Amino acid sequence: QIFVCAHRYIKINNPQSLAYSAAGPGSPGLYLGQGVCYVLNEDFSFGFAVEVCRGRSIEREHQQYAFCQSGTSGAVLPDGTALIGTPGAMTWKGTLFNVAIEGGFLSRDKFQYFAPHDNLHSPVPNYSYLGMAVTGGRFFGEYMAYAGGAPRAAQGNGEVVIFTNRKKRNPFDHVVSLRGEQFGSGFGSTLASADINGDGRLDLLVGAPNYFNRTDGGAVYVYLNRGTSFGPEYDQRLTGRLESRFGTAIANCGDLNHDGLDDVAIGAPYESGGSGRVYIHFGTPDGALSPEPVQTIDPSELFATPWRTFGSSLDGGHDLDGNSYPDLIIGSYASDRVVALLARPIINIRTYEEQQAGEPGSIDPTRVGCSSDPTANVTCFSFRACSAVDDASLSEGDVSADSSLQLRCTIQAETFLNKFSRVYFGTGGGPGADKIPAVPGTAATRTNILKRRFRLAVSGRPVCHDVTAYLKEGTRDIQNPIQFRISYTLDEERANGGTGAGGRRGRKERELPRLEPILNRTAAERTYTMPFQKDCGVDGLCQSALVIQNATLVGLARSGGAAGAEYQLVLGLDRTLTLALTVQNRADSAYETHLYVRHDASLTYAGSKGSSVCGAHNATMVDCSIGNPLKRNGEVQLSLRFDARSLEEYGSSKGPNGLSQHVALAVFVNTTSQDTGNRTRAQLNLRIQRAVKLSISGKALPEQVFYGGGGEQIMGESAIHSLDEIGMPVQHKYQVSEGKWGLRGLTCNSRK
């Protein structure tokens, strides 16, 4: 049967039959917007009309049943009844009606059941529009339950009201009300029910097409069935793009991929400038829809002519072409079009990986070669990528028993996660495999993407491909595992030309086109991980404990000789600084271990001694690679030299804050392992001292002194009474050279 409604259907009523009429005497009549629904036969011939508001009181017009607009929403339920939304009843409180539509006139229950909607018992206030959307089913057991959307209830946030009618009486019993979270979002404008988690209970999906924030437009809320009711809080919220009105239509598509879970279609009719799109989300066992759509249906990709509001209405779960897969019907009211999209049969394949005999299950970066290429001069490893058709996914007539699928296998190493890959592939293959030619101008032997064409028998016999991967030289990250994305797709270029999965079917030709099967993407794409051999805990987590020991400046004295005191750097004497230290690891191996020394810009890195590789990272930082890994209980001794002669130019350190008499060396060590050490940093402070080279020179004036001699009388000191009696005066002049830095407070003492 076919159930259709015209909620804007108007019936003219004779005003003379009314005790009260706003139209007044002599008017052509009262226009009643009560709406009407029709039950049609399968050939679209007329069956009978359903008018749930006909004959009900209209004396107070909109305050009663004059403007019911019945059929604004409707749903045909599994028990042979129809649920009809009438949002205009009783001052637009709205209500739901449930009527039987199956069976003959005499056997059919002609009683109309409804939700409470009088002023005393209605669960919603006036102008709530209860019945704008409806859905129903056996939510809580073998009896029917009904849901109605009231998008203007709850102070404008919207509300969904759940009813039951186990005892077949009026009015329904109110079970629970679910409230929206945003004013004006239209919460409850659309409803759908589907068992999205496969627990055997129908879950509820609520659309709020006017929901918005700075990045999203439209929302669909998922409420999981708790067994006897729905919780007040939603379990999942999906949102659409800005101004798309995502959630204007929601449809239960049935089980598109035959995984036992219902799948859902969601319309966003105003996306892409009003062209519209439809999104398909699969049900998942963890109790929610797939967070990202598994398919996006864009009319611009399907039709040459433009569409408007594509996805404004949806209906699913009907197998139109008889291939046992439900199809989807999409409406576009602004284009006056309806399109039926037929679901292609889905074939599930089992995919798995296995190690070759004798090949280790992890990568040893210290070993070159592997069993598949023992002569390789770099580290390599191999595995097998296998696939087989799951017989349970094949329906009768989908493929012939002796046919095969033409598939493509693509194996991508790491670049689906990162920009670069640490490995590249060698040649290899498997039974019946054809290598897809490499892109011209590329080195096929150095690619990180491997592609194969092969045939996979539908009988379930597996096909495996041998894969050999080579670790690039100089790879530093040998802690995190190598990841491969392995994906399988139908090779439709070849499948259409030969005996493939679209072979001759066992049933008669249909008028609708026969569709070729596709692969279930859920099983046809997987990630394979190859770990490195590591000296770590049983959980594979490397927890190192690095310690910096005995960091000293060789040959420099400390102030007062105390440990931790400042070193004395004497300019002109200490022209080279030598930093000596030891790094120990007291726990799991530390991968990509580096020692860093941050120094003053007045110092220049001059080299190192030891097994570690050190280099200037920039003008003030030295980077030393000290182990990859630095193994458990291992230690590294380092000696780094710095040139301090540039300090002599100013006699002090010239830093960002000006001249200073202090210089510091900050030492720290880190690793990509999880480090638990508590002594991974050290700082050495130096005080600058100036060593001044003094020189003194002098002369006497006059340079020669003559004594009288001859007849001069020699007098003792006590007999001298005047300077003239001593002789000629002698002047002594002295010059002190203090070096280039200058001295203050210099005192010279002379002794006779």
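Residues numbered from 1 in each chain as written. Predicted model: local features only at pLDDT ≥ 70, side-chain atom pairs only at ≥ 80, totals over all residues. Heavy atoms only, no water.

Looking at the chain in UniProt, the text filed under Sequence similarities (unreviewed entry) is "Belongs to the integrin alpha chain family." Checking UniProt for the chain, the heading Subcellular location (unreviewed entry) contains the comment "Membrane". (UniProt positions renumbered as here; feature names shortened; annotations may be inferred.)

## What about the overall build of the chain?
Helix and strand counts for the chain come out as 6 helices and 51 strands. Taken across its 752 residues, the chain has 47% of its residues classed as buried. Pairs at least 24 residues apart make up 65% of the contacts formed inside the chain by residues separated by at least 6 positions. Accessible area for the chain stands at about 38800 Å²; split by element, carbon and sulfur atoms hold 49% of it. (Helix = DSSP H or I, 4+ residues; strand = E, 2+ residues; numbered from the N terminus. Buried < 20%, exposed > 50% of the residue type's maximum accessible area, 1.4 Å probe, protein only. Contact = heavy atoms within 4.5 Å. Areas by Shrake-Rupley, 256 points an atom, 1.4 Å probe, with all protein chains shown as cover.)

## Let's talk about the side chain of Gln 236
Looking at the element boundaries, Gln 236 is found in strand S17 (residues 236-241). Those residues in contact with Gln 236 that sit more than four places away from it in its chain are Val 220, Tyr 221, Val 222, Ala 288, Leu 289 and Pro 291.

## Here's the deal with the packing of aromatic side chains
Under the criterion given, the structure shown has 23 aromatic pairs. Geometrically, the ring pair formed by Phe 425 and Phe 484 is tilted, given 5.9 Å between the ring centres and 35 degrees between the ring planes. Pair noted here: Phe 425 is in strand S29 (residues 423-425) and Phe 484 is in strand S33 (residues 482-490), with a separation of 59 residues, a long-range link. The buried category is assigned to Phe 425, whose relative accessible area is 1%. Its relative accessible area of 0% is what places Phe 484 among the buried residues. Members of the aromatic cluster, each reached through a chain of ring pairs, are Phe 381, Phe 383, Phe 425, Phe 484 and Tyr 528. The aromatic ring of Tyr 113 is capped on one face by Lys 168, whose charged end is 5.2 Å from the ring centroid. (Phe/Tyr/Trp six-rings, centres within 6.5 Å; stacked < 30°, edge-to-face > 60°. Lys NZ or Arg CZ within 6 Å of the ring centre and 35° of its normal.)

## So, the state of the cysteines
Under the criterion given, the structure shown has 6 disulfides. In this model Cys 386 forms its disulfide with Cys 464; the gap between the sulfur atoms is 2.0 Å. Its torsion about the S-S bond being 110 degrees, the disulfide of Cys 386 and Cys 464 is classed as right-handed. With a gap of 78 residues between them, Cys 386 in strand S27 (residues 380-389) and Cys 464 in strand S32 (residues 463-471) connect regions that are remote in the sequence. Under the relative-accessibility criterion, Cys 464 is labelled buried at 11%. The disulfide partner of Cys 536 is Cys 542, and the S-S distance across this bridge is 1.7 Å. Here the S-S torsion is close to 65 degrees, and the disulfide linking Cys 536 with Cys 542 is therefore right-handed. In this pair, the class of Cys 536 matches that of Cys 542, namely buried. By sequence-ordered numbering of the bonded cysteines, the chain has its disulfides arranged as 1-2, 3-4, 5-6, 7-8, 9-10, 11-12. For Cys 409, which is in no disulfide, the shortest distance to another cysteine sulfur is to Cys 386 and amounts to 9.8 Å. (Disulfide = S-S within 2.5 Å.)

## Describing the pairing of strand S23 (residues 327-332)
Burial runs high along S23: 5 of the 6 residues are buried. The pairing of strand S22 (residues 313-318) with S23 spans 5 bridges and is classified as antiparallel. Bridge pairing links Leu 314 to Ile 330 in S23. Pairing of S23 with strand S24 (residues 337-341), which is carried by 5 bridges, proceeds in the antiparallel orientation. (Pairing = 2+ DSSP bridges.)

## Points about the environment of Thr 604
Relative to the helices and strands, Thr 604 is located in strand S41 (residues 604-609). Along the chain, Thr 604 and Ala 616 lie 12 residues apart, while their C-alpha atoms are 9.1 Å from each other.

## A short note on the nonpolar core
Core analysis: the biggest nonpolar cluster contains 36 residues, and Ile 411, Phe 484, Ile 486, Tyr 488 and Leu 519 have the highest contact counts within it. The residues touching Ile 411, leaving out its near neighbours within four places in the chain, are Ala 385, Phe 425, Asn 448, Ile 449, Leu 450, Val 467, Phe 484, Arg 485 and Ile 486. Judged by nonpolar contacts, the second largest core, of 35 residues, contains Ile 548, Leu 553, Leu 595 and Leu 638. (Core = buried A, V, L, I, M, F, W, Y, C linked by side-chain atoms within 4.5 Å.)

## A closer look at the sheet that holds strand S16 (residues 216-223)
The 4 strands are arranged S14-S15-S16-S17 in an open sheet whose pairing can be described as antiparallel. Edge positions in the open sheet fall to strand S14 (190-194) and S17, since each of these has one partner strand only. When strand polarity is set aside, the average angle formed by the axes of neighbouring strands in this sheet is 25 degrees. Bridge count between S14 and strand S15 (residues 203-212): 5 bridges; the pairing is antiparallel. Across the sheet, residue Ala 194 finds its bridge partner in S15, namely Asp 203. (Axes fitted to C-alpha atoms, helices over the stretch in contact; angles between N-to-C directions.)

## Some words on the side chain of Gln 64
Positionally, Gln 64 belongs in the loop between strand S5 (46-50) and strand S6 (73-76). For Gln 64, a relative accessible area of 14% gives the class buried. Side chain to side chain, Gln 64 and Ser 57 meet in a polar contact 2.7 Å long. In this structure the side chain of Gln 64 is engaged in a polar contact, spanning 3.0 Å, whose partner is the backbone nitrogen of Arg 60. When sequence neighbours within four positions are dropped, the list of residues in contact with Gln 64 reads Ser 57, Ile 58, Glu 59, Gly 88, Ala 89 and Met 90. (Polar contact = N/O pair within 3.5 Å; in protein donor to acceptor, adjacent residues only side chain to side chain.)

## Comments concerning the environment of Asp 466
Mapped onto the elements of the fold, Asp 466 is located in strand S32. When the C-alpha atoms of Asp 466 and Gln 355 are compared, they prove to be 9.5 Å apart, with 111 residues separating the residues in sequence. Polar contacts involving the side chain of Asp 466 include one to the side chain of Arg 384, which spans 3.1 Å.

## Describing the confidence of the model for the chain
For any part of a model where pLDDT is low, the fine detail of the predicted coordinates should not be relied upon. Per-residue pLDDT for the chain has a mean of 85; in total, 86% of the residues score no lower than 70. In this model residues 16-21 is a low-confidence stretch, pLDDT under 50, and it forms 8 contacts with partners more than four residues away in sequence or in other chains. Contacts from residues 428-432, a stretch scored under 50 in pLDDT, to residues over four places away or in other chains number 13 contacts. (pLDDT = per-residue confidence, 0-100.)

## What to know about the pattern of salt bridges
One pass over the structure, following the stated rule, counts 18 salt bridges. Measuring nitrogen to oxygen at the nearest pair gives 3.5 Å for the salt bridge that ties Arg 201 to Asp 199. Owing to a relative accessible area of 32%, Arg 201 belongs among the partly exposed residues under this scheme. The partly exposed category is assigned to Asp 199, whose relative accessible area is 32%. Between Asp 477 and Arg 422 there is a salt bridge whose closest N-O contact spans 3.3 Å. With Asp 477 in the loop between S32 and S33 and Arg 422 in the loop between strand S28 (404-413) and S29, the pair connects residues that are 55 residues apart, well separated along the chain. For Arg 422, a relative accessible area of 13% translates into the label buried. (Salt bridge = Lys/Arg side-chain N within 4 Å of Asp/Glu carboxyl O.)

## Some details on the sheet that holds strand S20 (residues 277-281)
If you walk across this open sheet you meet the 4 strands as S18-S19-S20-S21, and the pairing is antiparallel. Whereas interior strands pair on both sides, the edge strands pair on one side only; in this sheet they are strand S18 (249-254) and strand S21 (295-297). On average, adjacent strands in this sheet sit at an angle of 20 degrees to one another, irrespective of strand direction. Looking at chain direction, S20 and S21 are connected through 3 bridges and run antiparallel. Counted as the bridge partner of Tyr 279 is Thr 296 from S21.

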